[in-house]
Amino acid sequence: MAGISPAGKRMKTNTMKNSLLLLLTAAIWGVAFVAQSVGMNYVGPFTFNAVRFLLGGTVLLPFLLRKPGAAQETAKRAETKEAKRARYRITLTGGICCGLALSTASLLQQKGIQNTTVAKAGFITALYIIIVPILGLFFRKKVRPLVWVSVALAVVGMYLLCIRESFSISRGDFYVLLCAVVFSVHILVIDYFSPKADGIALSCIQFYTSSIVCGAGMLLLETPSWQAIASGWMPILYAGILSCGVAYTLQIIGQKGMDPTVASLILSLESVISLLAGWILLDQTLIAREICGCVLVFVAIILVQLPEKKKI
């Protein structure tokens, strides 16, 4: 039996590394639900998002301005001026597109949460794991049957995990559904731009774009104060530095070369982790159906990572 080629081993290693980066992203985002919940006790949604996205972009500046390594310096010297301009253009365009999608999704989610239950919002937002492959079909992206099975398991798991009462579409539910669609677009936009752009620069631009969009809403619709922002410094710092600066950058790096449907399934673990974080940090308990939901989501994540059997 022939062994795995060196190229195959490298590809398998990169896939595992990217999966772990996305899993770490989901963990940070899961705990961030607690920070966001506490932070809303001090400031409004536009203010919270404007400040945290500003922090997220600023914390990346030292990495963006760092001196490149020898290999990177050699590659830059070999790059033509036209190629440099093209790379800068695609990074700027991608960052702005990602930022518009991110700010829109985040604000829709917050608007929806104000008019629906957190349980419904969590389930509806998680629908991006099924919306991503559906949207991907329009871009001629193939989806393995095993992935569709995993998506179905994850959706059932999310239902058991988040829905406790009868399901109905209210105004808040509609806003969160729009949020799920925009988050799906955000994943696909990252999938398109991340292989062509600098990951850290792309992430930095998306945060500043999001901060400008949310900042405009903050000045027009809210009455922010430094005292209120200072009072909620801990959840704002977590959401800004870790949830934005670290996690979204890890998402961009981790999604390079990954199937967007697989990436969305791994990222969907944030709902499971948020529930566990609420249990540990806020003394919330898990009921039997929520535990079953956790199990189904984990099974879906493991199942989608299984390699496809090649036809002989």
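Quick summary incoming for the structure in this document. (Residues numbered from 1 in each chain as written. Predicted model: local features only at pLDDT ≥ 70, side-chain atom pairs only at ≥ 80, totals over all residues. Heavy atoms only, no water.)

**A look at the overall build of the chain**
- The helix and strand inventory of the chain stands at 14 helices and zero strands.
- Listed by position from the N terminus, the elements making up the chain come as α-α-α-α-α-α-α-α-α-α-α-α-α-α.
- Counting only residues that meet the buried cut, the chain has 46% of its 312 residues in that class.
- For the chain, the computed accessible surface area is about 16500 Å², with 69% contributed by carbon and sulfur atoms. (Helix = DSSP H or I, 4+ residues; strand = E, 2+ residues; numbered from the N terminus. Buried < 20%, exposed > 50% of the residue type's maximum accessible area, 1.4 Å probe, protein only. Areas by Shrake-Rupley, 256 points an atom, 1.4 Å probe, with all protein chains shown as cover.)

**What to know about the environment of Cys214**
- Take Cys214: it is sitting in helix α9 (residues 199–221).
- Relative accessible area serves as the criterion here: at 0%, Cys214 is assigned to the buried category.
- With 168 residues separating them in the primary sequence, Cys214 and Phe46 have C-alpha atoms 5.2 Å apart.
- Every residue in contact with Cys214, bar those within four places of it in the chain, is listed here: Phe46, Asn49, Ala50, Phe53, Ser103 and Leu107. (Contact = heavy atoms within 4.5 Å.)

**Some points on helix α7 (residues 145–162)**
- The terminal C-alpha atoms of α7 lie 26 Å apart, and with 18 residues this matches the ideal 26 Å at 1.5 Å per residue to within 8%.
- Within α7 the residues assigned to the buried category are Val147, Ser150, Val151, Ala154, Gly157, Met158, Leu161 and Cys162. Taken down its axis, α7 places every buried residue within 130° of arc, on the same side. (Expected span 1.5 Å × (residues − 1). Arc of directions from axis to C-beta.)

**Quick word on the packing of aromatic side chains**
- All told, the structure shown has two aromatic pairs when counted by the stated rule.
- Note on Phe53 and Phe207: the rings are 6.3 Å apart at their centroids and 15° apart in plane angle, and the pair reads as stacked. Separated by 154 residues along the polypeptide, Phe53 in helix α2 (residues 45–64) and Phe207 in helix α9 bring together distant segments of the chain. Phe207 carries the same exposure label as Phe53, and that label is buried.
- A cation over an aromatic ring shows up here: Lys196 above the ring of Tyr192, its NZ or CZ 3.9 Å from the ring centre. (Phe/Tyr/Trp six-rings, centres within 6.5 Å; stacked < 30°, edge-to-face > 60°. Lys NZ or Arg CZ within 6 Å of the ring centre and 35° of its normal.)

**Some remarks on the packing of helix α6 (residues 128–137) against α7**
- As a packed pair, α6 and α7 sit with axes 9 Å apart at the nearest point and diverge in direction by 150°. Taken together, the residues of α7 that come into contact with α6 (itself represented by Ile129, Ile130, Pro133, Ile134 and Leu137) are Trp148, Val151, Ala154 and Val155.
- Classifying every residue of the contact of α6 with α7 gives nine nonpolar, no polar and no charged. (Axes fitted to C-alpha atoms, helices over the stretch in contact; angles between N-to-C directions. Nonpolar A, V, L, I, M, F, W, Y, C, P; charged D, E, K, R; others polar.)

**Let's talk about the packing of α2 against α9**
- Two numbers describe how α2 lies on α9: the axes approach to 7 Å, and their chain directions differ by 155°. Judged by the inter-axis angle, α2 sits roughly antiparallel to α9. Crossing handedness for the pair α2 and α9: left-handed.
- In terms of residue class, the contact of α2 with α9 is built from 16 nonpolar, 10 polar and no charged. (Parallel < 35°, antiparallel > 145°, perpendicular 65-115°, else oblique. Left-handed = near helix turned anticlockwise from the far one by under 90°.)

**Examining the nonpolar core**
- Core analysis: the biggest nonpolar cluster contains 60 residues, and Leu161, Phe207 and Tyr248 have the highest contact counts within it.
- Looking at which element gives the most residues to this core, the answer is helix α8 (residues 171–193), with seven residues.
- Setting aside chain neighbours within four positions, we find Leu161 in contact with Ser271, Val272, Leu275, Glu290, Gly293 and Cys294. (Core = buried A, V, L, I, M, F, W, Y, C linked by side-chain atoms within 4.5 Å.)

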